[in-house]
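Observations on the three-dimensional arrangement
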Amino acid sequence: MNMKRCNPLLPPRHVCVIGLGNVLMGDDGFGSLAVETFRCEYECAPNVEVLDLGTPGLDLAPYLYGKDLVIVADAVEAENTPGTLRTYREADLLSHQVQLRLTAHDPGLQESLAQLRIVGHAPSELIIVGMVPESCAFGAGISAAVLSKSSVAVHLLAALLRERGVDCRRRHAQLQPNLWWLPGDRSEVVSA
Amino acid sequence: MARISIDPVTRIEGHLRIDVEVDGGSVQKAWASCTMWRGIETILRGRDPREGWLFAQRFCGVCTTVHAMASVRAVEDALQLEIPANAQYIRNLILIGHALHDHIVHFYHLSALDWVDITTIPKADPAGAASIADGISTWPGNSRRELEAVQNKVKGLIGSGQLGIFSHGYWGHPAMRLSPEMNLILFAHYLQALEFQRKSNQVVGILGGKTPHIQNLAVGGVMNAINLNSLATFNMDRLGTLQSLLQDLIPFVQQAYFVDACLLAASYPEWFRYGRGVANYLAVPDLPVDAKATRFDLPGGLIMNGNLGSVRPIQDWHDQPIRAAVAEDVTHAWYQGKGAQQPWKGETNPDYTDFRDDGKYSWVKAPRYDGRPMQVGPLANVLIGYASGHPLTRKWMDAALKKISSVNGSRLAPEDLQSTMGRYLARAIRSAMLSDLALEHWKLLADNILKGDDATYNPPQFPAHECEGVGMHEAPRGTLTHWVVIDKGAFSNYQAVVPTTWNASPRDQQGVPGPYESSLLANPVVDPEKPLEVLRTVHSFDPCMACACHTLDASGRQIAQVKVL
């Protein structure tokens, strides 16, 4: 079964927005925070899956399988100041321009992509929305630097989808994000 | 004498460092160290026990469901709370789906390339490979055309000069001894396994609501609403989807994976001589078949000193000896204190020193059973099942030994599985068993629902007094226990004794090494620069360090750094 798009001018059919990272590890939980907030602020067509996948390692492959477009939100290792947001392409990942925060994700994403490429089911397009963390200390919650930029990241996810013709709209009535792992209720800080 | 340090060893979660001293081509001394700290337990103190499982399933990104399950079972044990039969079956099916997923990925994607040299595949004769495969298995994915297509993909990869993720392999190593045809068959299944990894994941998703973090658990049962007449709930349609997924998945496990593990074992018979290590085995019973959890489809027990005749069954989760016998020793771990503590009284206060061969050298504590190290995992599982006369274990163990004998004429006994290769084989035997059990538990669930039982949840009630509980689960990597103390409706202590803690245990107060460490003794090492043989033995345990310790830091440019000192 090959689910690749036949016509590149048509919008991607199988789309996945994925948050990676460990919510127990401070700013490494950025990916989970971003996709949960995105899910509550935006409504997408049914062909768009929005998933908080944690740190699945090689178990990432099933979620990338046969997708036309995958957007990953994750903490990245970079020289920039904490809270810096940047998008990366798959080529950046392969050329080591970007390193995802944990070794646990890094081989997971690269190996899963490489395996799927051999069998012809790798995503046609992969974009990483990367956030530079301040601290990935255990149990630290999300830092103010990352929290203050999270709403920008959420809108960026929506913009990237829309640019590619994916149906993605602001919700009329926003849902309350379930950020169960954060100490206290930080949801109003995140909400754009 | 050469000292080799491999860091990290795992390709999945966490940092495992292995140090070995090699003399005369074999390992004389070994140390297993987890190089990062994780105080997972501290985050659970003071929390509502009803939501503990949500945090517990973030301990590790790979073994999410197993920690969720152990957490709710621990609280239910403390409250002496029974759960409905439907909840048992739904949980069991999730556990089976997860375990099959995990074992498939371990065999093909995490460890096959320690044995399979893909660079020889261009030399293979696809017709010859198809005829070898045909003679030993009914798996339909072994046709000449299929194998030719895989060979062409590998030729393309090698021709492009960019092996990518495969560039880290020890290709051409003298310990790689499979024929090009065998390498082709196994690599073809490596690629096919991606499809079945998805299907097993879907099994968990249908029941758990989401993967990898299931949503349907609750202290007291599961939150799946069962109503055969409602589209929005768990109904006949979902049951049907579940059944057809299982029917797709099972042939791959029993005809491809199980047979491949037997072929590998028949091709590398010398690996039944290495890697025995700690020959005390522990498994807890799992897959309860009744609401009260009095009968189980996977037996638990203990075997000491490799003597299968000595098996002591663990009948159920109320077993008193195990509660008293488990203690964690921190003499050689980077924690304050000395000696061993029972988990309910356990502490997690870090005390980091450098790596000291004779002092503290790991973030993993040393769990002991009555003061003795134990090996856990599928090998413990099948040896205990076999020794207890468990019919399903006997069926698949006998089938495996017969299959190996039909290929190489050897006469192996179940005792011979106490080895590096035995751990690979035992995992495949366990997977074949779980495949049979998947359909049985699907039927238990379907029959119970059709009988009119739609109960899935019994609400918990928290006593005013302090209470203790232990949640047991026989996870893919072995015995997992969560130990909780609940006081006034909140956790006052929480300790997880995980499979990799048992197996990657450092030395204890008496200086007795853990299973990884002792399994490496006398392991051959032909080329200290390329310690493939060390990786084979360590990978045979399916190490996953994230929940045994903490994982942090990036680099990832190299899969492993090998230093010869």
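All residue numbers refer to position in the chain's written sequence, counted from 1. Both sets of labels track the order of writing: A upward for chains, 1 upward for ligands. Owing to the predicted nature of the model, reporting of local features is limited to residues with pLDDT of at least 70; listing and counting of side-chain atom pairs is limited to 80 or more, with chain, interface and lining totals taken over all residues.

1. Things to note about the overall build of chain A
Strands here mean DSSP runs of E at least two residues long; helices mean DSSP runs of H or I at least four residues long; both are numbered from the N terminus. What chain A contains, in helices and strands, is six helices and eight strands. Taking all 192 residues of chain A together, 52% fall into the buried category. The contact criterion used is a C-beta to C-beta distance within 7 Å, with each C-beta placed from the backbone. Across chain A, contacts joining residues at least 24 apart in sequence account for 79% of those joining residues at least 6 apart. Exposed residues have 12 or fewer other C-beta atoms within 10 Å of their own C-beta, buried residues have 20 or more, and partly exposed residues fall in between, where C-beta atoms are placed from the backbone.

2. A closer look at the overall build of chain B
In terms of regular secondary structure, chain B is built from 14 helices and 17 strands. Radius of gyration (C-alpha) of chain B: 23 Å, near the 24 Å computed for a compact globule of 565 residues. Residues classed as buried in chain B amount to 58% of the 565 residues present. For the radius of gyration, the atom set is restricted to C-alpha positions; the globular benchmark scales as 2.2 Å times the number of residues to the power 0.38.

3. Regarding helix H9 (residues 378–387) of chain B
Within an α-helix, residues lying three or four positions from one another point in the same direction, as the helix has 3.6 residues per turn. Counting buried residues in H9(B) gives ten out of ten residues, a clear majority hidden from the surface. Count one or two residues on from H9(B) and you reach B:Gly389, which has phi positive near 75 degrees.

4. Here we look at the sheet that holds strand S16 (residues 490–497) of chain B
Residues and elements named next belong to chain B. We treat two strands as partners when DSSP finds at least two bridges between them. Taken together, the three strands give an open sheet; going across it, the order is S14-S15-S16, and neighbouring strands pair in antiparallel fashion. Taken across any chain shown, the strands that pair with only one partner, and hence form the sheet edges, are strand S14 (467–475) and S16. Within this sheet the neighbouring strands show an average axis-to-axis angle of 15 degrees, counted without direction. With nine bridges joining them, S14 and strand S15 (residues 478–487) adopt antiparallel strand pairing. Looking at the pairing, Gly 469 lines up with Val 484 of S15. Interaxial angle, 0 to 180 degrees, is taken between N-to-C directions of lines fitted to C-alpha atoms, where a helix line uses only the stretch in contact. Across the sheet, helix H2 (residues 64–79) lies against S14 and S15, angled at about 145 degrees from S14, the strand it touches most.

5. Considering helix H6 (residues 180–208) of chain B
Residue and element names in this part refer to chain B. With 29 residues, H6 extends 42 Å from end C-alpha to end C-alpha; this agrees with the ideal 42 Å at 1.5 Å per step. Of all the bends in H6, the greatest measures close to 30 degrees and is centred on Gln 192. Taking burial as the measure, the 29 residues of H6 include 24 buried ones, the bulk of the element. Where H6 ends, the next residue or the one after it, Gly 209, has phi of about 85 degrees, a positive value. To estimate how far a helix should reach, multiply one less than its number of residues by 1.5 Å. Fitting axes to the seven residues that end at a residue and to the seven that start at it, the angle between those axes gives the bend at that residue.

6. A few points about the environment of B:Ser492
Residues and elements named next belong to chain B. For Ser 492, the position within the fold is in strand S16. Take Ser 492: there are 14 C-beta atoms within 10 Å of it, and that puts it in the partly exposed class. Taking the C-alpha atoms as reference points, Ser 492 and Glu 468, 24 residues apart in sequence, are found 9.8 Å from one another. Dropping the residues within four chain positions of it, Ser 492 is found in contact with Arg 45, Val 485, Ile 486 and Asp 487.

7. Comments concerning unusual backbone geometry
All names here are of chain B. Put simply, Thr 211 and Pro 212 share a cis peptide bond, and its omega is -5 degrees. Its location among the elements puts Pro 212 in the loop between H6 and strand S4 (217–218). If you check the backbone angles, Gln 80 has positive phi at about 50 degrees while not being a glycine. Its place among the elements puts Gln 80 in the loop between H2 and helix H3 (85–111). The exposed category is assigned to Gln 80, around which 10 C-beta atoms lie within 10 Å. In this structure, Asp 370 takes a positive phi of about 50 degrees despite not being glycine. Inspection of the secondary structure puts Asp 370 in the loop between strand S13 (366–369) and H9.

8. A short note on the packing of H3(B) against H6(B)
Residues and elements named next belong to chain B. Two elements in contact, H3 and H6, have axes separated by 9 Å at closest approach and are oriented at 160 degrees. Judged by the angle between their axes, H3 and H6 are roughly antiparallel. The handedness of the crossing between H3 and H6 comes out as left-handed. Judged by residue contacts, Ile 90, Leu 93, Ile 94, Gly 97, His 98, Leu 100, His 101, Ile 104, Val 105, Tyr 108 and His 109 of H3 engage His 189, Tyr 190, Ala 193, Phe 196, Gln 197, Ser 200, Asn 201, Val 203, Val 204, Leu 207 and Gly 208 from H6. By definition in this entry, angles of less than 35 degrees are roughly parallel, angles greater than 145 are roughly antiparallel, angles of 65 to 115 are roughly perpendicular, and the rest are oblique. Helix crossings are classified by the rotation of the near helix relative to the far one: an anticlockwise turn of less than a right angle makes the crossing left-handed, while a clockwise turn makes it right-handed.

9. Quick notes on the environment of B:Asn408
All names here are of chain B. Residue position: Asn 408 is located in helix H10 (residues 391–408). For the pair Asn 408 and Leu 184, spaced 224 residues apart in sequence, the C-alpha to C-alpha distance is 19 Å. When near neighbours in sequence (up to four residues on either side) are disregarded, Asn 408 contacts Ala 266 and Pro 269.

10. A look at the confidence of the model for chain B
Looking at chain B, the pLDDT average stands at 91 and 93% of residues meet or exceed 70. Here the predicted complex scores 0.92 on pTM and 0.84 on ipTM. One number per residue, pLDDT, summarises how confident the predictor is, and it ranges from 0 to 100.

11. Regarding the sheet that holds strand S10 (residues 312–314) of chain B
Residues and elements named next belong to chain B. With antiparallel pairing, three strands are arranged side by side in an open sheet as S6-S9-S10. Looking along the sheet, the strands with just one partner apiece sit at the ends: strand S6 (281–283) and S10. If you compare each strand with its neighbour and ignore which way they point, the axes differ by 15 degrees on average. In the packing of H9 onto the sheet, the strands contacted are S6 and strand S9 (300–303), and the crossing angle to S6 comes to about 90 degrees.

12. Examining the pairing of S14(B)
Burial of S14(B) is extensive: seven of the nine residues sit out of reach of the surface. The hairpin turn running from S14(B) into S15(B), its antiparallel successor, is two residues long.

13. Topic: the nonpolar core
In summary, soluble globular proteins display a tendency toward joint burial of nonpolar side chains. When buried Ala, Val, Leu, Ile, Met, Phe, Trp, Tyr and Cys residues are joined through C-beta atoms within 7 Å, the set is termed a nonpolar core. Core analysis: the largest hydrophobic core is formed by 201 residues, its most contacted members being A:Leu157, B:Leu93, B:Phe187, B:Ala261, B:Leu383, B:Leu425 and B:Ile429. Filtering out sequence-adjacent residues up to four positions away, B:Leu425 remains in contact with B:Ala261, B:Ala265, B:Ala400 and B:Leu417. Counting 25 residues, the second-largest nonpolar core is a separate cluster that includes B:Leu16, B:Val27, B:Ala333 and B:Ala504.

14. As for the packing of helix H7 (residues 236–267) of chain B against H10(B)
All names here are of chain B. Relative to each other, H7 and H10 sit at 50 degrees, their axes nearing to 9 Å. On the basis of their axis angle, the class for H7 and H10 is oblique. H7 and H10 meet at a crossing whose hand is right-handed. Of H10, the residues touching H7 (which contributes Val 259, Cys 262, Leu 263, Ala 265 and Ala 266) are Ala 400, Lys 403, Ile 404, Val 407 and Asn 408. Each residue is assigned to one class: nonpolar for Ala, Val, Leu, Ile, Met, Phe, Trp, Tyr, Cys and Pro, charged for Asp, Glu, Lys and Arg, and polar for all the others, Gly among them. Here the residues of the contact of H7 with H10 sort into eight nonpolar, one polar and one charged.

15. Notes on the environment of B:Val222
Residues and elements named next belong to chain B. Residue position: Val 222 is located in strand S5 (residues 221–222). For Val 222, a count of 26 C-beta atoms within 10 Å gives the class buried. Along the chain, Val 222 and Arg 91 lie 131 residues apart, while their C-alpha atoms are 7.7 Å from each other. Contact partners of Val 222, with chain neighbours within four places excluded, come to Ala 87, Ile 90, Arg 91, Asn 216, Leu 217, Thr 456 and Tyr 457.

16. Quick look at the confidence of the model for chain A
All names here are of chain A. Averaged over all residues, the pLDDT of chain A is 84; the fraction at 70 or higher stands at 84%. Between residues 1–6, whose pLDDT stays under 50, and residues either more than four places distant or in other chains, the model counts nine contacts. Low pLDDT (under 50) marks residues 185–192, which in the prediction has 16 contacts with non-local residues, meaning those over four places away or in another chain.

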